[in-house]
Every structure is written in structure tokens, then in C-alpha cells.
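Fold and contact review
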Amino acid sequence: MEQRKLLFQWLRRWGLNCYMYAPKDELKHRLLWREPYTDHEAAQLQTLIEAAQEHSVEFIFAVSAGQDMVFSSSGDRLLLQQKLRQVAAAGCCSFALLFDDVDPRMCRADRDAFPSLAQAQASVANEMYQELGQPSVFLFCPTEYCSSLCSPSPSQSCYLLTLGRELLPGIGVIWTGPKVVSQELSATLLEEVEGILQRRPIIWDNLYANDYDCRRVFLGPYTGRAPGLVARLRGLLLNPNCELQANFIPIHTLGSWFRSELGSSTHPEHAGTETASALGDHCLGPEEGSYDPQEALELALRDWVAEINQQTLEPGRRVPAQPSTSRRGGAMLQGGTAAREAELDPQPHGPAPGSTQPGSTAPGEGRRTVIVGPEQHRGSRTPTDGWQSPTGDGDPHTSCKPSSAQPPTAGDSEPPGHPKTIHSPTAPLSDGAGASPGPTAPLSNGAGASPGPTAPLSDGVGTSPGPTAPLSDGVGTWPGPTAPLALGEAQPSPTAPLTLAEARMLVELFYLPYQHGPQAQCLLEHFQWLQTNCPGMGTLDTVPDTCLQGKRWHSRARTFQLLCAETCRLHSRFVSCAGRSLLYDLHPYLWDIRNVLLAASAFVQWLDGRLLRDPEPAGPWGSCFGWCQSITAPPFPGGDAEPWARRGGLFGELQALLPVGDSCDLFHHPPPLFPARQLYLLRPLLPADQGELYRMCRESLDCDPRAAEMLLAHPDLLGDRLLGSFLSLSPEYTFVLEDEGGPCGYAAGALCAEGFLQQRDIGWRPAMRHKYPQELGAGGPGPGQDALREALLFFHAEEPTVPLPVLRRFPSLVQLGTAPRVLDAGASRSLAICLLSALRAHGSRGVFCQVGAADRQQLSFYGKLGFVALPAAWGSCPGAHLLARLL
């Protein structure tokens, strides 16, 4: 109830006056629409209606009966009347019938009774409208609700032309624009639609709808809507993000847009307009009559930061952050086990779009509630049991879980539980879109020109990288390899309030469906440039001086790493100072970005070290050059595509730029149930890391006194067993995960496993046998004894030969390990992605590893990375599994 009141307060505060209740995941709204609400459910619905009325917000109840309704059936019509009358008895005065995303084919009985689908739907709508006493607000969502769904075009659509003739004049018709999610809305198109429908349409604006992609959320300003729209509109419904807390800026800037249009001109009173917006004290914002999205965004950001920091002061609103762990803190578990997972929920964040066609939604799916409540929203990206009616433990009316269906189509995105706000067109609803969205750049590519200077990207989170502008050359700076960024750099206090610059950076990472914010665009363009302009590839022929070329590359690499570090610090700060509701709504998205940037930054450092060793493309790194040269841009569709074609947003585009980006779906872990503010750094191996990594292997073993005594006498035993051969024979493919306590994980690999295993048997293993005589032995059963016994067996026993077909199909060997204190599976996943990217960039087409049959954690982790068990035995341990995957 608290969250519902918060949304209603936002609507009233910013001059918006309408809330449509249409949750597609509520069974009695769509799939079981014939069933009446129970007394308990009706009471809950009445509570929601009364809460809206208390805040002067018009409550519109929507029902979607078109999925299986027999239009010619008097029984179905009676059941629909009873459903609407039951809601009217609870105090609702406004209604909507939704026929979006339904099969346009009628059953035989309807084909015999009606000449067309439009006439069948209009007949039902007219009857319901009259039975309810012709309410002032009665809306109708057609099956063809945008230009792209009209056959062959809106002006030639028999369906729309029939609706325009048959629907009673008092019924409002919903329209989403040129597409389901329209980047722009023009007065010209709306004028055409008005002529076809013989009434001004209600815009159902899906600009912020995010139920079609569980990795995207939109925090940018309302934009793209041309001036003068109000003259062609009866109202406007905004379908926002599934997450309530993500909608502060969208609703705030929508209010600014509306107010600016109210002040731009005066329109005559229109028949059938909705309740006028109560402006009162809300007339604050951009200068009247001139809406600028960037000015509106700055105003909204200031209010948002104030609200965020106010929420954290309220009792019980802040989530106790997990403390950072030092390398010596906490109990240590199994040594050498890779990527431990702390998540309790093995499922992915949220459902991905299903197999339905764009613009359609499967029964019972989709978002259709105007508001998102705290209970449901908090886990919006983690699948939960959908509630079945407006009752239940959670708040029914605020249920807005991500749909497993395809992108929100007008209907999808439509009443999908989002603050559908209707602005009374008694005043100009104009535009705000003529104005440029500011420094944002179109989604895509990351190639081409630099985004140009953007304001200092710092803000209070660590060190600013300085202007990220032209970065043209930066000659003279960073003549050597890019140095790893230190975790100990000055940072704001964990308890310091969120700053305006931090909130702005958050918005720029998750901007709009068709646009990236400056921070996101800089990250994409730098990463793209660094890969396609590796010195020695011949792509910078205009720079004859190789040294100059290298310095330019190093400078830009440093800038990219600073941007990555800054974004990772934002994640840590956000966990530390965001309130509970905001944290659980937005953390999964920011966590995704942090994880992919950890891998991208380390991969750039790896490329940097490679350049120093062998800058000639004809050298042994030639295949890596070839891979980089083949990279152009993520294969996203052109401008006519709906935004769900751009899967993953910034996260998806960054991951697509990694060598293993095509298999990104295999790297899918749920976000942690308990967000932690721990800062991580992922980088290539440094010479000084061996001692710390060996210490990590040692301390990760839970052992008895006898085993501890043996480790004291031979402190390198476990380190040599797990990592020694990789550090000696293949250090260039070793990556280190580091937290504030030091190294806490590793990913080691050998590009050519066949040669690596031969060298290990011929040169390295004899040295280990001399260092650890077989007579050392191990004690009887006890904690740690098995691991020591296996280590000695590994050094002294003859290892079985890896089957040749395995080596041909999976030529590279990998090994991953993390300390027990690493509870964030995202960091472990980034570690794995980075190693696999390095191997893939150098030409490898597959990798394999050995995992003990009893090591369920590693088996589970490798399984989530796409590894499968091979029907072949290998290794020194009986029962060991040989796991492999293609790259």
C-alpha cells in the first residue's frame, strides 16, 4: 500500500491524473476474465480504487477478454457485464476493453454472426458502454493499435475504418504510434489517425515499457513527442518500467512536458476529455511553453537525488550492506574450487521474450498494471509465482512482473501495470520532442566518431577520468602498458548520500530504448575503437609513427579503464546508499553492467600487454589481430526495428563486442539475493601475484592439524598443484580477480593444450617430483588430507593421455578458482568470460577442463558456462569428469 500511495503521490505532484489497472499476469484480467473476483479480492481492488481517488487520480479498470471471447455469445457478454459491474460497485467509474494481441481469426459462430472482427468487437464495446451508463472514460484498445500492425496501412485498413464507423462517439480508442514502441510521435500521423477513427485517439506511449527485455530499464527523460500533439489527442497513457522506483524520472519529465504544453497555448474545451489535471503547486520546471528534455532531466535528477537520500533516512528503508571481506576474514572452504556461487535462486533474472511475434503476448503474460508495488517489484527480475487475482499475499493491483512473452505491444505494453497517465487535453499537450535529446547518441554501434566531450564523468565516485572527449591521441601519456587501477583510490564514504553526478551517471547507463546516454556511448565507442585500432593491424595507416600510434592506443585504453572503474564504483556506492525499494528495483541492471565491464576492462589490459610483446600481426598473435579486425559493430537491426531486437541494451552491446559475445546467454546467473558493495578488479596476471595466489590456495583448504603441519613445511604444495604449471608455462593466459583484501580468484588457460601437456610432463612435472618427494605421503582420513594426497598423486602418477578427438575439437585447457569469500557469482562469471575471450581472440574454438566428481560447486558453475561432460576419462583422480565447451 505504501508503494501504491507513492506512485499516486508522484502522479498528483506532477500534474498527472490517471492510473489504468490492466495487469496481464493477473489471471482474472485476461485468461480467466469470466470469473468474478472473490469478496476478498474485491475488497483489495476497492482499497486500490479509494487510494487513487484520495490522490485525485482517475482509476481505470481494464479487462482483456478478446483472447477467447465468443462475441456472438449472450453468455459471454453477460459474464463481461457482471465483471464490469462488480468493479463499478467497488467505486470505479472508468473502464477499458482491450483487444490487443489476440488472434484476429473469429470462431465459426462469430463468422456467421458478424461480417468482420471489427464489427464484432465494436458490438461488444458499444453494449458494455451503454450498460455502464456511458461513463465519461471508456477506452477501447484495437487489435491494430499502431501503424506497423495495420494492413496494408492505417488509411487503408478496413479494420480501423470499420471501428471508426461502428464505435459510439463517446468511446476513446487507444493508439501507440508508428510502432509498438514509437521513437517519435508526430502531429501529422495523429491527424491521419483521427480522420480514420473519427475521433481523437488516446496515445498509449510504450517509450519506457521494459517487459520485453529483462536486462533493460529506461531512466532517461521523456522525449521524441512533437509540439502540438494535444490538439490531436484525447489523452495520453504512459506505460513505464516494470520497476516502480525506475519511473521517477520518466513520470517527472512527463509532467514537465505536459506543463510546458499547458503554458504554450490555450486550446478550446474538447468533448469527451478526461478529468483535468490538477496543477496546483506543480507548475515548477522548465520555462512555460518550451520543453527541453535535458533541462527537464536536470530538474528531475535534483528531485530524485533528494528523494533517494530522504528514503535512506527512513527506518527500515536501507538494506544492510554486506561488509567487505579481507583476505584473512571469514572461514575458508575448499581450495582451488572455481567460482563459488552464493545465489539461492538458480533461475535467471527474469523471463526473456517468448516465441510469440512482436506485438503479441501469450495468454496470462505481459505487464499491464499501472503501478508496481514493493512486494512484487522487488524481485521483478527474478521469476516468482505469479499471483492469480487481486488478492493474495502481495498487492494484486501493483503486480507488474516481467513477461515471458514478446515485447509489449500496445496492449502488451499497454495497460501493463504502469502508470498510464492521461493528461487532460483541455490544455495543450504538446511536445517536448522537437528539442534535441542532448548529448545522447543513437543506439548501436560504438564505431565511428567519438561521442565528443562529455562532462567530467567523475562526480564523487572515485577519480574522474577527465574529459572523455576526442581522446584523439593523447600522445605523451601512458607510454607503457595501461597500469592496473588500484582499489584503494580515494572514494566517498560508504554512508555518504548519493550525489547528483552519480545519479546522472546511472541515468546515462540506462537511458532510452533507442538512445544511449553519454556515459554508455563513451564506453561503447572506446571499447569498439580499442579493438579495431590495435597498432600493427594496418587500420591506422594515416599514422606512420608506430610509437605514436601505440601511445594513442594506450591513452584511450587508460580512459576506457577509468570509465569502467568509475562505473564499478557506482555499483558499490549504489548498494551502500540506496534505499531498499530502489536498490532491489535497479541493482540487477547495474550488477549486469558492472560484470561485463570487469571483463571488458581486463580484456583491454590483456590486449595492451600483447601489444608490447609482439606488435607484428605476422607474429604469434596474428590470429588475435585477425579477430579484432573482423569486429565492426554488434549486429543489431536498423532503425525500423522495434527495441526488443536490441537485446540487452548496453549490457548486450558490450558483451557482443567480446570474442565470446555470441554465446552470452550461456553466462546467465541470477543477481545476488543480498547485494554487496564489494569492489572487484579483474586484470591479467602480474609477477607479484604468485605469492598471494598461493596463499589463497593454502587458506582455502579446511584441514586438520596434521595437514596444516605439512602445509607449513611445504607452503607452495597446493599452489603448485592448482596453478604452478599455468604460471610457469602459460602465464599470458592467466587472469586475477582482486578485491580490497587482495587476489581472490584466478582463471588460467593454455591456448594449445596438447603442447602444454607435453611440456608439463617433460619439464615441469619432474621438477615437482624433486620438490615434493613421494615419501611425503599424507596421513589418514581427515580434513584436508584428500587434497594433499591428490596433489602428490598429480605430481608422481602418470597422467592418462587426453583423447586426440578431444584435443582436436577443444584445443585449449582452462582452470578457474576463487576464494571462499567471493560470494558474488557475477565476479566469477566475469573472470571466466575474460579468459575465454582471450583464448577465442587468439583462435581457439573450444576449451576443456578437469573437475572432480565430488566437486558439485564447480560442476554447477562450469555447467552454467555451457560446459558439458565428455564421455572420456582423464586426470589423476579416479572419477574425474572431463568438461568441455565450444567457443
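Summary of the structure given here. (Residues numbered from 1 in each chain as written. Predicted model: local features only at pLDDT ≥ 70, side-chain atom pairs only at ≥ 80, totals over all residues. Heavy atoms only, no water.)

1. Quick word on the overall build of the chain
Looking only at helices and strands, the chain features 25 helices and 16 strands. With 887 residues in all, the chain has 62% of them scored as buried. Long-range contacts, defined here as pairs at least 24 residues apart, represent 83% of the contacts in the chain between residues at least 6 apart. As presented, the chain carries roughly 30,400 Å² of accessible surface, and 55% of it is formed by carbon and sulfur atoms. (Helix = DSSP H or I, 4+ residues; strand = E, 2+ residues; numbered from the N terminus. Buried < 20%, exposed > 50% of the residue type's maximum accessible area, 1.4 Å probe, protein only. Contact = heavy atoms within 4.5 Å. Areas by Shrake-Rupley, 256 points an atom, 1.4 Å probe, with all protein chains shown as cover.)

2. Focus: the pairing of strand β4 (residues 138-141)
Burial along β4 is two-sided: F138 and F140 facing one way and L139 and C141 facing the other are all buried. Taken together, the four bridges between strand β3 (residues 94-98) and β4 define a ladder with parallel strand orientation. Residue A96 lies in a different strand from β4, and its bridge partner there is L139. Pairing of β4 with strand β5 (residues 172-175), which is carried by two bridges, proceeds in the parallel orientation. Across the sheet, the residue bridging to F140 is V173, located in β5. (Pairing = 2+ DSSP bridges.)

3. A word on the packing of helix α20 (residues 717-729) against helix α22 (residues 785-796)
Close contact between α20 and α22 brings their axes to 10 Å; oriented N to C, the two are set at 55°. Here α20 lies oblique to α22, going by the angle between them. The handedness of the crossing between α20 and α22 is left-handed. Here α20 contributes L717, L718, D720 and R721 to the contact with α22, which in turn contributes A787, L788, E790, A791, L792, F794 and F795. Among the residues forming the contact of α20 with α22, the class breakdown is eight nonpolar, no polar and three charged. (Axes fitted to C-alpha atoms, helices over the stretch in contact; angles between N-to-C directions. Parallel < 35°, antiparallel > 145°, perpendicular 65-115°, else oblique. Left-handed = near helix turned anticlockwise from the far one by under 90°. Nonpolar A, V, L, I, M, F, W, Y, C, P; charged D, E, K, R; others polar.)

4. Observations regarding helix α12 (residues 500-509)
Helical geometry note: an α-helix holds 3.6 residues per turn, so side chains three or four residues apart project in the same direction. Burial analysis of α12 places seven of its ten residues in the buried class, which makes it a mostly covered element. What α12 keeps buried is the set E502, A503, M505, L506, V507, E508 and L509.

5. Section: the packing of helix α5 (residues 117-131) against helix α6 (residues 158-166)
Here α5 crosses α6 at 30°, and the two axes come no closer than 9 Å. Comparing the axis directions of α5 and α6 gives the class roughly parallel. Once α5 is placed against α6, the crossing between them reads as right-handed. Between α5 and α6, the contacting residues are L117, A118, Q119, Q121, A122 and N126 on the first element and Y159, T162, L163 and E166 on the second.

6. Considering the sheet that holds β4
Reading across the sheet, the seven strands line up as β1-β2-β3-β4-β5-β6-β7 and stay open at both edges, with parallel pairing between neighbours. Only two strands of the sheet have a single partner each, and these edge strands are β1 (18-21) and β7 (235-238). Taken over all neighbouring pairs, the strand axes of this sheet differ in orientation by 25° on average, direction set aside. Against the sheet, helix α2 (residues 39-54) touches β1 and β2 (58-63), its axis set at about 145° to β2.

7. Comments concerning helix α1 (residues 2-13)
Here α1 contains twelve residues, and its C-alpha end-to-end distance of 16 Å stays within 8% of the 16 Å for a straight helix at 1.5 Å per residue. Among all positions of α1, only Q3, R4, L6, L7, F8, W10 and L11 are buried. At the exit of α1 stands G15, carrying a positive phi of roughly 80°. (Expected span 1.5 Å × (residues − 1).)

8. Some points on the sheet that holds strand β13 (residues 812-818)
If you walk across this open sheet you meet the seven strands as β10-β11-β12-β13-β14-β16-β15, and the pairing is mixed. Looking at the sheet topology across the chains shown, the edges are occupied by β10 (681-684) and β15 (868-869). Where β15 meets strand β16 (residues 881-886), two bridges bridge the pair, whose relative direction is antiparallel. Bridging across to β16, A869 finds its partner in L883. Sheet strands touched by α20: β11 (734-739), β12 (742-750) and β13. Its angle to β12, the strand with the most contacts, is close to 60°. Taken strand by strand, helix α21 (residues 753-771) contacts β12, β13 and β14 (846-851), and its axis lies near 75° from that of β13.

9. Side note on empty space enclosed by the protein
Applying the stated criterion to the full structure yields eight cavities of 30 Å³ or more. Taken as a whole, the second largest cavity holds about 120 Å³ of empty space. As for the second largest cavity, its lining consists of 18 residues, and the residues nearest its centre are R216, L509, F510, G649 and L650. Those elements that place two or more of their residues in the lining of the second largest cavity are β9 (515-516), α15 (580-613) and α17 (649-657). Of the residues contributing to the lining of the second largest cavity, the split by class is eleven nonpolar, four polar and three charged. (1 Å grid on protein atoms, 1.4 Å probe; cavity = no way out; pocket = protein on both sides within 12 Å on 5 of 7 lines; lining within 4 Å. Points joined across faces, edges and corners; volume = space filled by probe spheres on them.)

10. Quick look at the side chain of T253
Summarising the element assignment, T253 is placed in helix α8 (residues 248-264). Of the polar contacts made by the side chain of T253, one reaches the backbone nitrogen of Y222; its length is 3.0 Å. Contact partners of T253, with chain neighbours within four places excluded, come to Y208, P221, Y222, Y291, A296, L297 and A300. (Polar contact = N/O pair within 3.5 Å; in protein donor to acceptor, adjacent residues only side chain to side chain.)

11. Looking at the pairing of β7
Taking every second residue as pointing to the same face, both faces of β7 are buried, with G235 and L237 on one and L236 and L238 on the other. Bridge count for strand β6 (residues 202-205) against β7 is four bridges, and the pairing is parallel. When the sheet's bridge partners are listed, I202 is paired in β7 with G235.

12. Quick notes on the environment of P201
Checked against the element boundaries, P201 lands in the loop between α7 (187-197) and β6. Distance from P201 to L139, taken between C-alpha atoms, is 9.7 Å for residues 62 residues apart in sequence. The contacts of P201, once residues within four sequence positions are left out, are V173, W175, L190, V193, E194, R232, L233, R234 and G235.

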